[in-house]
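Structure at a glance
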Amino acid sequence: MLKNDLIDEIRGNDTKAPIVFYGYPGSGRACAIASIIGNLNVIERSTIEIICADDWTLGKNEQLRTFSNILGCSFRKMQLPEISIDIHRKTFIYLPYDLTSCNQLFDQNTYRKFLVLDCSRRFSINVDLINQVGISRIDGIVLSRIDSLDNYSELHEFIDKTNLNIVFCVWGNKLGIDCGFELPRLHQIGNRPDRDRFMSE
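Below, the structure is looked at part by part.

What counts, and at which threshold
Residues numbered from 1 in each chain as written. Predicted model: local features only at pLDDT ≥ 70, side-chain atom pairs only at ≥ 80, totals over all residues. Heavy atoms only, no water. Helix = DSSP H or I, 4+ residues; strand = E, 2+ residues; numbered from the N terminus. Buried < 20%, exposed > 50% of the residue type's maximum accessible area, 1.4 Å probe, protein only. Core = buried A, V, L, I, M, F, W, Y, C linked by side-chain atoms within 4.5 Å. Contact = heavy atoms within 4.5 Å. Pairing = 2+ DSSP bridges. Axes fitted to C-alpha atoms, helices over the stretch in contact; angles between N-to-C directions. Salt bridge = Lys/Arg side-chain N within 4 Å of Asp/Glu carboxyl O.

With that out of the way, let us pick up the environment of Ser-153. By secondary structure assignment, the location of Ser-153 is in helix α7 (residues 149–161). When its relative accessible area of 39% is taken as the criterion, Ser-153 is described as partly exposed. Between the C-alpha atom of Ser-153 and that of Cys-119, which follows or precedes it by 34 residues, the distance is 9.0 Å.

A few words now on the nonpolar core. Counting 32 residues, the largest nonpolar core has Tyr-22, Leu-115, Leu-117, Ile-141 and Leu-143 as the members making the most contacts within it. Those elements that provide at least two residues to this core are β1 (19–22), α5 (99–106), β5 (112–118), α6 (123–133), β6 (140–144), α7 and β7 (166–169). Contacts of Leu-117, omitting those with residues within four sequence positions, involve Ser-27, Asn-126, Leu-129, Ile-130, Ile-141, Val-142, Leu-143, Ser-144, Leu-155 and Ile-159. Among the nonpolar cores identified, the runner-up in size contains 28 residues, and Ile-37, Cys-73, Phe-92 and Phe-114 belong to it.

Before going further, it helps to spend a moment on the sheet that holds β6. If you walk across this open sheet you meet the seven strands as β3-β2-β4-β1-β5-β6-β7, and the pairing is parallel. Only two strands of the sheet have a single neighbouring strand rather than two, namely β3 (74–77) and β7. Strand-to-strand twist of the sheet, defined as the mean angle between neighbouring strand axes without regard to direction, takes the value 25°. As defined by bridge partners, β5 adjoins β6 across five bridges and the pair is classed as parallel. Opposite Val-116, over in β6, you have Val-142 as the bridge partner. Against the sheet, helix α2 (residues 29–38) makes contact with β1, β2 (48–52), β4 (90–94), β5, β6 and β7, and its axis sits at roughly 160° relative to β4, the strand it touches most. α6 contacts β1, β5 and β6 of the sheet and is inclined by roughly 160° relative to β5.

With the rule as written, the count across this model stands at six salt bridges. With a closest N to O distance of 2.9 Å, Glu-49 and Arg-76 form a salt bridge. Residue Glu-49 is located in strand β2, and its partner Arg-76 is located in strand β3; the two are separated by 27 residues in the primary sequence. On the basis of relative accessibility, which here comes to 6%, the residue Glu-49 falls in the buried class. Salt bridges sharing partners connect three or more residues here, namely Asp-118, Arg-121 and Arg-145.

Function cannot be inferred from these measures alone, as they are strictly geometric.
Structure (structure tokens):
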């Protein structure tokens, strides 16, 4: 069950707590960020800054910079553990898949920490990621590729049992970089005709 819509939270969040996204390489972190921002209006997007703290993934800075330009929000590249936040903006931080360098950030209460889980991957891989980070340090789950029905139900049941919140869902994971830099063909689950089938599971 989608327990907490991240879009509504961003629109109504006056505290501007920075939001961090963590997950395996290819889990859909960039897609999730682009999709979430894409659901906001032009004025709301202008108040957002994307920070890429990942020096491990080849081309990730350029990819996120391109999306920030398309979406009309700010972009900065930074390195952990020194993350400086613009208190006048709502900040999305793309973290590297390196728990050692991210541990300090996960232990701070000043951040909203979300794991991005890929429903097309084996169930055990996603469970391992949750256990590595620690349930108590996770504020919510973003599900990507929920059109992968084979693994969605089992993962959803596990998340429900651990009382974690699913804050956002991404349908598919096509970034569209090779399509003339078009906006990603991504959808919040609430905009899909299949919505009732997923929400009722």
